[in-house]
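Listed below, chain by chain, are the residues.
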Amino acid sequence: MFEMLSFEFIQRALIASVIIGLVCSIIGVFVILRNLTFIGAGTSHAAFAGVTLGYLINYNPLSFAIVFSLLTVWIVGYLNRKGYLKLDASVGIFYSLTMALAVLFIGLMKVYNAEVYGYLFGSILSVTKGDLAIILILGLAVLSLVYLFFKEFHFITFDEEMAQASGIAAGWLSFLLLTMIALTIVISLKSVGAILVFALIVTPAAAAYQLTFSMIRMFLYSAVIGITASVGGVFLSYWLDLPSGATTVLFVSAMFFLSLIFSPKRGYIS
Amino acid sequence: MSNNVIIRFSHATIAYQRRTALTDINLEIFQGEFVGIIGPNGSGKTTMLKSILGLIRPTHGSVQIFDCACHKLRCRHKAKIGYIPQKGQIDPNFPVTVMETVMMGRYSSIGLLRRPSNDDRELVKHALREVEMDGYADAPLGHLSGGQQQRVLIARALVQQPEVLLMDEPTTGIDTPTQHSIIRLISNLQKNLKLTVLLVTHDINMISPYVDRMALINTQLHAIGAPADVLNEKTLTAIYGKQVVVTTKGGGTYVIVGDYHYV
């Protein structure tokens, strides 16, 4: 075990997995409680479309991933807030639109590019120093915002109309939360992949939801489950020579089913 | 605005996209009054409250509170308005305790980037005592009965230390004895704390002994006055469009709306 820790790429992977596990699981609490589950899936595919455009025109793929994912959450959020379209319908449209764009951009590439597919399925063992810096900066930014606006996010998550009526800038905070979801997806894209990042956001929080009636504890449990799954996924994928993203998701899914069994809300074994 | 008028609708028309919810409303609510707002479904009762909160803006005329147009309310104004929205089904598993729920009422006053202080916690405990829920501070909100949840939501409004309380059908989905205890609680709080209360309800008979005045609306204001003055068959039939019987017993006025019996 200690021998693998001497490799620099493993050290980077572990640091990245701790940060990603933490940020995804914290943001996931809001995603679960505000019923934004589907928006995570739509946004991760939009971010992937951005990556493919970056590779097509040979410009930083991550910057396009940020632009595509932010545009998606802002437009979807706007359509929903104005009452023009239900959230799941608009996410469905963007999900298919951005995937169509991704397929188009890949089709326009003259040569096969394996790195693009790395963003689809994830490869935490290939995280570079530059990737780690971005994960660290954006991850800290998202966590800081959660800390600073915690009580307001708690209020709008429980009762947005009441929050707005009592003078909380609920509309502005909702868009900030959507922005944080988009950034969380972007920093996780390379490590976990567009298809599986969604699971790292939703599953730890869904597991924590089974275990407590307190929001503070839900954050705590979600973070522990997210980090455990993320770091555990790295170790397992290295030892068993399995794809890291898939291993992490299978690990966290197993923890979810355990939480269902031990949930005090269900009473199977409690 | 005169000194004791706290809320004023002046020729206020309010519309949602293509549908007009309220037309040409003229109404003054005085400080310390308990006013019931009565009308059928879709008559604009909730819209009236939302316009006072500044959540909806009139397309014509104006709605004012504390001498300020409602859609321009600043936080210091909003903090003085306690609002209890229609209680939807609270997810029994939602991770929030009674204490946390009531504390939310303080967030606007606490302000951004600050944490609740000991004074805020004391205010929460005091509000819970006011609604006789002080033994439930750490209980998950979803574990309480409908009546207990409603008391917690009233405490959340009280913790704002409001001057005005807006309540949207606070007794919906609650058994009859609990409905009476909730209305008695609101009436006592209104008197003790000198609150101005606007309460939207379908239950005319429940609130008529407690309110100072009743506003009868169905997109327009049909009548406003003391229950004994406005609860008559002609006005109520005009509002509900159904057969209405008004009777008096023991000094109280009772209304039966659209209650058909086939033999």
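Going by the structure above, here's the rest.
Residues numbered from 1 in each chain as written. Chains lettered and ligands numbered in written order. Predicted model: local features only at pLDDT ≥ 70, side-chain atom pairs only at ≥ 80, totals over all residues.

**Q** Sorry if this is basic, but what is going on with the overall build of chain B here?
**A** Helices and strands together make up the secondary structure of chain B, namely ten helices and twelve strands. On C-alpha atoms alone, chain B measures out to a radius of gyration of 19 Å, which is about the 18 Å that the 2.2 N^0.38 rule sets for 263 residues. Out of the 263 residues belonging to chain B, those deemed buried represent 42%. Relative to all contacts within chain B whose residues are 6 or more apart in sequence, the contacts with residues 24 or more apart total 64%. (Helix = DSSP H or I, 4+ residues; strand = E, 2+ residues; numbered from the N terminus. Rg over C-alpha atoms; globule rule 2.2 N^0.38 Å. Buried ≥ 20, exposed ≤ 12 C-beta atoms within 10 Å, placed from the backbone. Contact = placed C-beta atoms within 7 Å.)

**Q** Any chance you could explain the overall build of chain A here in plain terms?
**A** Helix and strand counts for chain A stand at 13 helices and zero strands. Scanning chain A from its N terminus toward the C terminus, one meets helices and strands in the order α-α-α-α-α-α-α-α-α-α-α-α-α. For chain A, the C-alpha atoms occupy an extent of roughly 55 × 45 × 30 Å along the three principal directions. For chain A, buried positions account for 51% of its 270 residues.

**Q** I would appreciate a short explanation of the interface of chain B and chain A in the present structure.
**A** For interface size, the figure often reported is the accessible area lost on association. Tallying the contact residues gives 20 residues for chain B and 18 residues for chain A. Listing elements by their share of the side of chain B that touches chain A, those giving two or more residues are α2 (75–78) and α4 (107–110) of chain B. Among the residues forming the side of chain B that touches chain A, the class breakdown is 13 nonpolar, five polar and two charged. (Nonpolar A, V, L, I, M, F, W, Y, C, P; charged D, E, K, R; others polar.)

**Q** Where do I start with the pairing of strand β4 (residues 60–65) of chain B in this structure?
**A** If a strand is regular, its side chains alternate between the two faces of the sheet. Residue and element names in this part refer to chain B. Here strand β1 (residues 5–16) pairs with β4 via five bridges, running antiparallel. When the bridges of β4 are listed, R8 appears paired with Q64. Of the pairings in the sheet, the one linking β4 to strand β5 (residues 68–69) comprises two bridges and is antiparallel in character. In the sheet register, Q64 faces β5, and the bridge partner there is A69. (Pairing = 2+ DSSP bridges.)

**Q** Can you help me understand the nonpolar core in this one?
**A** Across soluble globular proteins, nonpolar side chains show a tendency to be buried alongside one another. Counting 158 residues, the largest nonpolar core has I27, A47, I181 and V186 of chain A together with A155 and L166 of chain B as the members making the most contacts within it. Looking at this core element by element, the count peaks at 14 residues for helix α2 (residues 8–33) of chain A. Those residues in contact with A155 of chain B that sit more than four places away from it in its chain are V102, A127, L128, E130, V131 and M133 of chain B. (Core = buried A, V, L, I, M, F, W, Y, C linked by C-beta atoms within 7 Å.)

**Q** For this particular structure, what's the right way to read unusual backbone geometry?
**A** Glycine aside, negative phi is the norm for most residues, and most peptide bonds take the trans geometry. Positive phi is not limited to glycine here, since N58 of chain A has a value of about 60°. Structurally, N58 of chain A is set in the loop between α3 (37–56) and α4 (61–81). A tally of 7 C-beta atoms within 10 Å means that N58 of chain A is categorised as exposed. One non-glycine residue with positive phi stands out, namely E132 of chain B, at about 60°. Counting through the fold element by element, E132 of chain B comes out in the loop between α5 (118–130) and α6 (146–158). Here E132 of chain B falls in the partly exposed class, since 13 other C-beta atoms lie within 10 Å of it.

**Q** What am I meant to see in the sheet that holds strand β6 (residues 81–84) of chain B here?
**A** Sheets are built from strands paired through backbone hydrogen bonds, the pairs being either parallel or antiparallel. Residue and element names in this part refer to chain B. Taken in spatial order, the six strands of this open sheet run β6-β7-β8-β3-β9-β10, and their pairing is mixed. Each of the sheet's edge strands pairs with one partner strand only, and the pair in question is β6 and β10 (220–225). The mean inter-strand angle of the sheet, taken between neighbouring strand axes irrespective of direction, is 15°. Packing against the sheet, α6 makes contact with β6 and β7 (164–168), and its axis sits at approximately 165° to β6. (Axes fitted to C-alpha atoms, helices over the stretch in contact; angles between N-to-C directions.)

**Q** Is there a simple way to think about the sheet that holds β4 of chain B in this case?
**A** All names here are of chain B. The strand order across the open sheet formed by four strands is β2-β1-β4-β5, and the pairing between neighbours is antiparallel. Either end of the sheet is taken by a strand with one partner, and the two such strands are β2 (19–30) and β5. Along the sheet, helix α1 (residues 45–52) makes contact with β1, β2 and β4, crossing β1 at roughly 120°.

**Q** How do you make sense of helix α7 (residues 129–148) of chain A when you look at a structure like this?
**A** An α-helical turn contains 3.6 residues, so a residue and the one three or four places further along point in the same direction. Residues and elements named next belong to chain A. Over its 20 residues, α7 extends 28 Å from the first C-alpha to the last, a length consistent with the 28 Å expected when each residue adds 1.5 Å. Restricting attention to buried positions, one finds in α7 the residues I135, L138, G139 and V142. Looking straight down α7, one finds its buried side chains confined to an arc of 105°; they lie on one side. In α7, the exposed positions angled more than 90 degrees off the buried face are occupied by K129, G130, A133, I137, L140, S144, Y147 and L148. Contact partners of the buried residues in α7: α2 and α10 (170–192). (Expected span 1.5 Å × (residues − 1). Arc of directions from axis to C-beta.)

**Q** How should I be thinking about the packing of α2 of chain A against α10 of chain A in this particular structure?
**A** Axes are the key here: two packed helices are described by the angle between their axes and the distance separating the axes. All names here are of chain A. Here α2 crosses α10 at 145°, and the two axes come no closer than 10 Å. Seen from above, α2 lies across α10 with left-handed handedness. Along its contact with α2, which presents A16, S17, I20, V23, C24, I27, F30 and V31, the element α10 presents L177, M180, I181, T184, I187, S188, S191 and V192. For the contact of α2 with α10, the class distribution of residues is twelve nonpolar, four polar and no charged. (Left-handed = near helix turned anticlockwise from the far one by under 90°.)

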